[in-house]
Amino acid sequence: MVAITVDRLTKRFGTATVLADINLRIEPGELFFLLGPSGCGKTTLLRHLAGFYTPDAGTIHFDDEDVTHLPAHQRGTGMMFQSYALWPHMTVAENVAFGLEERKCPQPEIAARVAEALAAVKLEGLGERRIQQLSGGQQQRVALARALVIRPKCLFLDEPLSNLDAKLRLDMRTEIRRICKEFGLTGIYVTHDQEEALSMADRLAVMEAGRLVQVGTPLEVYRNPVNRMVAEFIGETNILPGTVIGPGTEAAQFEVDTDTGPLTASCHLAGWRPAPGEPVLVSLRPEALRLTDDGETSSDRFSGCIDNTMYLGATAQYELRLNDRVALKITQMNPTALLEPSGTTVTATVRIDDVVMLPG
Ligand code: ATP
C-alpha cells in the first residue's frame, strides 16, 4: 500500500492555470474521489498522478519516492478509463496479458497472472472469448483485470462507469471498491456522479477552477459543506440568503434574519464566527425538512402552501411556497399518503442542526 502526497502542484496550459497550488495527502489503501464541475481540473490532476503530465511547479511523492518526473510506465500504477480501450481483435486473455507481454514476463507467469486477474473480476473461464462477444459490463471487468494484472500499487479510475447502464453501475460500484480493498490498492477515482462518490469513497475532494475547495469523508462534506458551491454540487439543497442577527443561545448557533423571517442556524465551520449584520446563506437539505410540526423548540418552522407534489415511490417531493420569492423543496421518505397542492397552510420543521449557515 502506498501513500500519495501532492505538494503545491501547479499546471498551466498556455495562459490558463488549470491546477493552482494543490496540496493533498492520500492515505495508503484509501479510495479517494475527485469531484467537481466540468473543466475544474479533475482529469488533469489524475493524469499528473499517473505520470502523463509534468507539472509547472510542485511535487508528487509515492511514499518517500519523488515520482514527479518519473514516466507513467515506471510508476507501478494501473489505469482504467471511461472508454475501455480494449483491442477488439484480441481475446479477453490477450487483452489482459498485454501489460505483461510488454514487460517481457515469462509465459507461464503471464498465464497464471491473467487467470488470477480474471478470477478477481469474476470472469473465470472467459479468457478465450473475443471482446465483441462480451456485454458492456463484462468489457468493463476486462479493463479492470488489465489494470490489475500488473499488480499496481495504485489504481487510477477516470469515469470508469459512465458508459454502463444504471443497474450495472450499481453492481460495479461494489465490485471496484471490493477489489481496491482486497488488493490493498490506493485508488483515485474521478467522477461527475456524486452518488457514486458518496457511496464508494473513503474520502473525497471537491474541486473548482483548479483548486481543492473541500476534502473530507462523504458524511463530513455532505453535512458540513464549506460553501454554497459544495452544498449544491454534493446533493440537493435549498439556499436562503440572510443577515446575521447575533449568536444563538447554544454554542455554534446563530440567529439569522431571512426573507421568511428569523431562523436559528448552526455554524459547522471551524473558526468562522460572522458578526451581526454580515450577509450569510442558510442551506436546508430537502430530506431534512419534515411536513409536520414536531413541537420541538430545537427546530425551525416554516409555513406555506404546497405548490407541487411528485410521487416517486420511495419518496415524495414537494414544493412548499412560503411567499412570492421563496419555495422550499421537501423530500418525504416512504410516503404512505400524499399532500396534494392546495391553498391550505401547512407547517414544515427542520432540526437546527440541519439548518446550515454558510458564508454569503
Ligand atoms: P470534465 O469533468 O469535463 O472531464 P475535468 O474537471 O476533468 O473536466 P480537465 O479535463 O482536467 O477537467 O480540464 C481542466 C481544464 O484544462 C479545462 O479548461 C480544459 O479545457 C483544459 N485542458 C485540459 N487538457 C488540456 C490540454 N492538453 N491543453 C490545453 N488545455 C487543456
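Being a predicted model, the structure only gives us computed values, none of them experimental.

Cut-offs and rules
Residues numbered from 1 in each chain as written. Predicted model: local features only at pLDDT ≥ 70, side-chain atom pairs only at ≥ 80, totals over all residues. Heavy atoms only, no water. 1 Å grid on protein atoms, 1.4 Å probe; cavity = no way out; pocket = protein on both sides within 12 Å on 5 of 7 lines; lining within 4 Å. Points joined across faces, edges and corners; volume = space filled by probe spheres on them. Helix = DSSP H or I, 4+ residues; strand = E, 2+ residues; numbered from the N terminus. Nonpolar A, V, L, I, M, F, W, Y, C, P; charged D, E, K, R; others polar. Pairing = 2+ DSSP bridges. Axes fitted to C-alpha atoms, helices over the stretch in contact; angles between N-to-C directions. Phe/Tyr/Trp six-rings, centres within 6.5 Å; stacked < 30°, edge-to-face > 60°. Buried < 20%, exposed > 50% of the residue type's maximum accessible area, 1.4 Å probe, protein only. Parallel < 35°, antiparallel > 145°, perpendicular 65-115°, else oblique. Left-handed = near helix turned anticlockwise from the far one by under 90°. Contact = heavy atoms within 4.5 Å. Near = heavy atom within 4 Å. Polar contact = N/O pair within 3.5 Å; in protein donor to acceptor, adjacent residues only side chain to side chain. Areas by Shrake-Rupley, 256 points an atom, 1.4 Å probe, with all protein chains shown as cover. Core = buried A, V, L, I, M, F, W, Y, C linked by side-chain atoms within 4.5 Å. Patch = residues over 30% accessible without salt bridge, like charges linked within 9 Å, V, L, I, M, F, W, Y side chains within 5 Å. Salt bridge = Lys/Arg side-chain N within 4 Å of Asp/Glu carboxyl O. Lys, Arg positive; Asp, Glu negative; His and termini not counted. Charge placed at Lys NZ, Arg CZ, Asp CG, Glu CD.

For the rest of this paragraph, the subject is the layout of surface pockets. Its boundaries defined by the atoms lining it, the largest pocket holds a volume of some 540 Å³. Surrounding the largest pocket, 17 residues form its lining, T77, M79, E102, R103 and I150 being those nearest its centre. Where the lining of the largest pocket is concerned, the elements lending two or more residues are β6 (77–80), α2 (92–102) and α4 (136–148). Residues of the lining of the largest pocket, tallied by class, amount to 10 nonpolar, four polar and three charged.

The next point concerns the sheet that holds strand β17 (residues 327–333). Strands pair in a sheet through their backbones, by hydrogen bonds, and they do so in one of two ways: parallel or antiparallel. If you trace the four strands from one edge of the open sheet to the other, you get β17-β16-β15-β18, paired in antiparallel fashion. The open sheet is flanked by β17 and β18 (346–351), the only strands paired with a single partner. For this sheet, the mean inter-axis angle between neighbouring strands, taken without regard to orientation, is 50°.

Taken as a whole, this structure holds three aromatic pairs when the rule is applied. With centroids separated by 4.2 Å and ring planes inclined at 15°, the aromatic side chains of F33 and Y189 adopt a geometry described as stacked. Here F33 is found in strand β3 (residues 31–35), whereas its partner Y189 is found in strand β8 (residues 186–190), with 156 residues between them in sequence. When its relative accessible area of 0% is taken as the criterion, F33 is described as buried.

Attention now goes to the packing of α2 against helix α3 (residues 107–120). The contact between α2 and α3 brings their axes to 9 Å, and the two run at 125°. As the angle between them shows, α2 and α3 are arranged oblique. In this structure, α2 meets α3 at a crossing whose hand is right-handed. Taking contact as the criterion, the partners of V92, A93, V96, A97, L100 and E101 in α2 are, on α3, Q107, I110, R113, V114, A117 and L118. Its residues assigned to classes, the contact of α2 with α3 shows nine nonpolar, one polar and two charged.

For the ligand, the full set of nearby residues is F13, V18, P37, S38, G39, C40, G41, K42, T43, T44, Y53 and H192. Here an oxygen atom of the ligand sits 2.5 Å away from a polar atom, N or O, in the side chain of T44. Within the complex, 58% of the 640 Å² of free accessible area of the ligand lies under protein. The greatest single-element share of the shell around the ligand, amounting to three residues, is contributed by helix α1 (residues 42–50). Among the residues forming the shell around the ligand, the class breakdown is five nonpolar, six polar and one charged.

Our focus in this paragraph is the nonpolar core. Among the nonpolar cores identified, the biggest contains 48 residues, and F33, V96, V114, V142, L144, I176 and L204 are the most heavily contacted of them. In terms of residue count, the dominant contributor to this core is α4 (six residues). Listed in part, the 29 residues of the second largest apolar core include V282, I306, V326 and V355.

Here we have four strands laid out as an open sheet, ordered β2-β1-β4-β5, and antiparallel in their pairing. Each edge of the open sheet carries a strand with a single partner, namely β2 (16–26) and β5 (65–66). Here seven bridges tie strand β1 (residues 4–13) to β2, and the two strands are oriented antiparallel to one another. Of the residues in β2, the one forming a bridge with F13 is A16. Of the strands in this sheet, β1, β2 and β4 (57–62) touch α1, which is tilted by about 120° from β1.

This next bit is on the environment of H69. Looking at where H69 falls in the secondary structure, it is placed in the loop between β5 and β6. Residue class for H69 comes out exposed when judged on its relative accessible area of 65%. Sequence separation of H69 and F156 is 87 residues, and the distance between their C-alpha atoms is 18 Å. Non-local contacts of H69, meaning those with residues more than four positions away in its chain, are made with T54 and R75.

Looking now at a negative patch on the surface. Side chains of D63, D64, E65 and D66 sit close together on the surface and give a patch of like negative charge. Inspection of the secondary structure assignment puts D64 in the loop between β4 and β5.

Another aspect to go through is the pattern of salt bridges. What the rule picks out here adds up to 23 salt bridges. Among the salt bridges present, the one from R203 reaches E30, with a minimum N-O distance of 2.5 Å. Placement of the pair is R203 in strand β9 (residues 203–208) and E30 in the loop between β2 and β3, with a sequence separation of 173 residues. The class of E30 is buried, set by a relative accessible area of 8%. Here D171 makes a salt bridge to K167, at a shortest N to O gap of 3.2 Å. Within this pair, D171 and its partner K167 are both found in helix α5 (residues 166–182), separated by four residues, close to a single helical turn. Within the structure, one salt-bridge network assembled from shared partners comprises K122, R141, E175, R178 and E182.

Before going further, it helps to spend a moment on the packing of α4 against α5. Closest axis-to-axis distance for the α4/α5 pair is 11 Å, and the angle between their directions is 15°. With respect to α5, the element α4 is oriented roughly parallel. Here the hand of the crossing between α4 and α5 comes out right-handed. Residues G137, Q140, R141, L144 and L148 of α4 touch α5, and the partners they reach there are L168, M172, E175, I176 and I179. Tallied by class, the residues present in the contact of α4 with α5 amount to six nonpolar, two polar and two charged.

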